[in-house]
Amino acid sequence: MDVPLWLALIVVGVLGIRLTRPPWWLVAVILLGGFLLADSLLAPVIDTAISK
């Protein structure tokens, strides 16, 4: 069964928010930080660290 990545991320995100109840500002900071880091000079370093 092939599940699209975007659907899996939405399901995991919704379950994580419902089960752990983090503050909304923390969720926004993590999402915005990840979005900004993906386009920064640190992106190749992060990619190398994650892929190994």
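Before going into details, it helps to say that this report is about the structure given with it. Here the structure is a predicted model, which is why all the values come from computation and not from measurement.

Helices and strands together make up the secondary structure of the protein, namely three helices and zero strands. Mapped in sequence order, the helices and strands of the protein form the string α-α-α. A globule of 52 residues ought to have a C-alpha radius of gyration of about 10 Å, yet the protein, at 14 Å, is considerably larger. Taken along the three principal axes of its C-alpha coordinates, the protein extends 35 × 35 × 15 Å.

This part is about the layout of surface pockets. Estimated volume of the largest pocket: approximately 220 Å³. L9, I10, V12, G13, I17, V27, I30 and L31 together form the lining of the largest pocket. For the lining of the largest pocket, the secondary-structure elements that each account for two or more residues are α1 (5-20) and α2 (24-38). At five residues, the largest contribution of residues to the lining of the largest pocket is made by α1. Here the residues of the lining of the largest pocket sort into seven nonpolar, one polar and no charged.

Once that is clear, we can look at unusual backbone geometry. Located in the positive-phi region is R21, a residue other than glycine, with phi close to 55°. Relative to the elements of secondary structure, R21 occurs in the loop between α1 and α2. You can call R21 exposed: its relative accessible area is 67%.

So, how was this worked out
- Residues numbered from 1 in each chain as written.
- Predicted model: local features only at pLDDT ≥ 70, side-chain atom pairs only at ≥ 80, totals over all residues.
- Heavy atoms only, no water.
- Helix = DSSP H or I, 4+ residues; strand = E, 2+ residues; numbered from the N terminus.
- Rg over C-alpha atoms; globule rule 2.2 N^0.38 Å.
- 1 Å grid on protein atoms, 1.4 Å probe; cavity = no way out; pocket = protein on both sides within 12 Å on 5 of 7 lines; lining within 4 Å.
- Points joined across faces, edges and corners; volume = space filled by probe spheres on them.
- Nonpolar A, V, L, I, M, F, W, Y, C, P; charged D, E, K, R; others polar.
- Buried < 20%, exposed > 50% of the residue type's maximum accessible area, 1.4 Å probe, protein only.

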